[in-house]
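# What the coordinates show
Residue-level listing of the chains:
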Amino acid sequence: QNKALQGAYPNCTEVQFSTFVGDGDCDVMTIIKECGWDGGDCEESNKALQTNYPECTKFQYSTWIGDGKCDRQTNVEACGWDGGDCV
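Residues numbered from 1 in each chain as written. Predicted model: local features only at pLDDT ≥ 70, side-chain atom pairs only at ≥ 80, totals over all residues. Heavy atoms only, no water.

### Here we look at the state of the cysteines
Stated precisely, the cut-off is as follows: In this description, a disulfide is simply a cysteine sulfur pair whose atoms lie within 2.5 Å. Runs of E in the DSSP output that reach at least two residues are strands. Runs of H or I that reach at least four are helices, and both are numbered from the N terminus.
On inspection of all chains with the given rule, the structure shows 4 disulfides. Each sulfur in the disulfide pair Cys 26 and Cys 42 lies 2.1 Å from the other. Between Cys 26 and Cys 42 the sulfur-sulfur dihedral comes to about 110 degrees; the bridge is accordingly right-handed. With Cys 26 in the loop between helix H1 (3-8) and helix H2 (36-39) and Cys 42 in the loop between H2 and helix H3 (43-52), the pair connects residues that are 16 residues apart, well separated along the chain.

What follows is the structure, encoded as structure tokens:
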């Protein structure tokens, strides 16, 4: 784990791809609270998820909701059946 990541997110220890954190892209592997929702890269998609589907807690898949593909992880009523992708 790199020192900058360790300093910013000391509890971000269980990720295999630590270089993805804070790289400007919202990466599914590092969208966890301990890693600052991918170092802040996923803030926009997480805010949209909370606004559109307040009961959906699948933050790690927030970029998949409403992306045009039906994903089984978010194909639940609380997530709007994957943002309508599975309807």
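### Focus: the side chain of Asn 46
To be explicit about the condition: The contact rule is simple, with two residues in contact once any of their heavy atoms fall within 4.5 Å.
With respect to the element layout, Asn 46 can be found in helix H3. Residues in contact with Asn 46, not counting those within four places in the same chain, are Ile 31, Trp 37, Phe 59 and Ser 62.

### Things to note about H3
This is how the line gets drawn: Residue exposure (1.4 Å probe, protein chains only): buried if accessible area is under 20% of the type maximum, exposed if over 50%, otherwise partly exposed. Starting at the helix axis, one direction is taken to each C-beta atom, and the arc is that of these directions.
Restricting attention to buried positions, one finds in H3 the residues Ser 45, Asn 46 and Leu 49. Taken around the axis of H3, the buried residues stretch over an arc of 100 degrees, which confines them to a single face. Of the residues in H3, the exposed ones pointing more than 90 degrees away from the buried face are Glu 44, Lys 47 and Thr 51. Turning to H3, the residues buried within the fold contact H2.

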